[in-house]
Amino acid sequence: MSERAAPFHCPYCGDEDLRPSEEPAGPGRGAAWECHSCNRAFTLSFLGLLAKGLRREPTEGDTTA
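Residues numbered from 1 in each chain as written. Predicted model: local features only at pLDDT ≥ 70, side-chain atom pairs only at ≥ 80, totals over all residues. Heavy atoms only, no water.

According to the stated counting rule, one finds one aromatic pair in the structure shown. Both rings, one in Y12 and one in F42, keep their centres 6.3 Å apart while their planes meet at 65°; by these two values the pair is edge-to-face. Of this pair, Y12 sits in the segment before β1 (18-20) while F42 is found in strand β3 (residues 40-44), placing the two residues 30 residues apart along the sequence. (Phe/Tyr/Trp six-rings, centres within 6.5 Å; stacked < 30°, edge-to-face > 60°. Helix = DSSP H or I, 4+ residues; strand = E, 2+ residues; numbered from the N terminus.)

With that settled, consider the sheet that holds strand β2 (residues 31-35). Spatially, the three strands line up as an open sheet ordered β1-β2-β3, and their pairing is antiparallel. Across the chains shown, the open sheet's two edge strands, defined by having one partner strand only, are β1 and β3. Averaged over all neighbouring strand pairs, the angle between strand axes comes to 35°, with direction disregarded. Of the strand pairs in this sheet, β1 and β2 are connected by three bridges, and their pairing is antiparallel. (Pairing = 2+ DSSP bridges. Axes fitted to C-alpha atoms, helices over the stretch in contact; angles between N-to-C directions.)

Once that is clear, we can look at the nonpolar core. Core analysis: the biggest nonpolar cluster contains five residues, these being C10, L18, W33, C35 and F42. Residue contacts for F42: discarding those within four places in its chain leaves P7, C10, P11, Y12, L18, A31, A32 and W33. (Core = buried A, V, L, I, M, F, W, Y, C linked by side-chain atoms within 4.5 Å. Buried < 20%, exposed > 50% of the residue type's maximum accessible area, 1.4 Å probe, protein only. Contact = heavy atoms within 4.5 Å.)

Further remarks concern the pattern of salt bridges. The final tally for this structure, using the stated rule, is one salt bridge. Salt-bridge contacts for D17 lead to R19; the nearest nitrogen and oxygen are separated by 3.3 Å. (Salt bridge = Lys/Arg side-chain N within 4 Å of Asp/Glu carboxyl O.)

In structure tokens:
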């Protein structure tokens with residue numbers, strides 16, 4: 001079994017002082033992390049894979065493509 005990827009920064013304050021939480025996140029909830037800068041706890045979880053090659057076709061006048 002391989003180790004899970006760790007976040008590089010807190011999604012709330014952006015600081016990098018993160019540590020794995022001692023409290024388990026629970027089944028299906030991902031890994032729990034604590035930010036020691038803003039004193040928040042959060043979880044990370046995998047949602048799924050995106051369909052490869054699935055892109056919407058640009059319409060006439062579309063500038064977001």
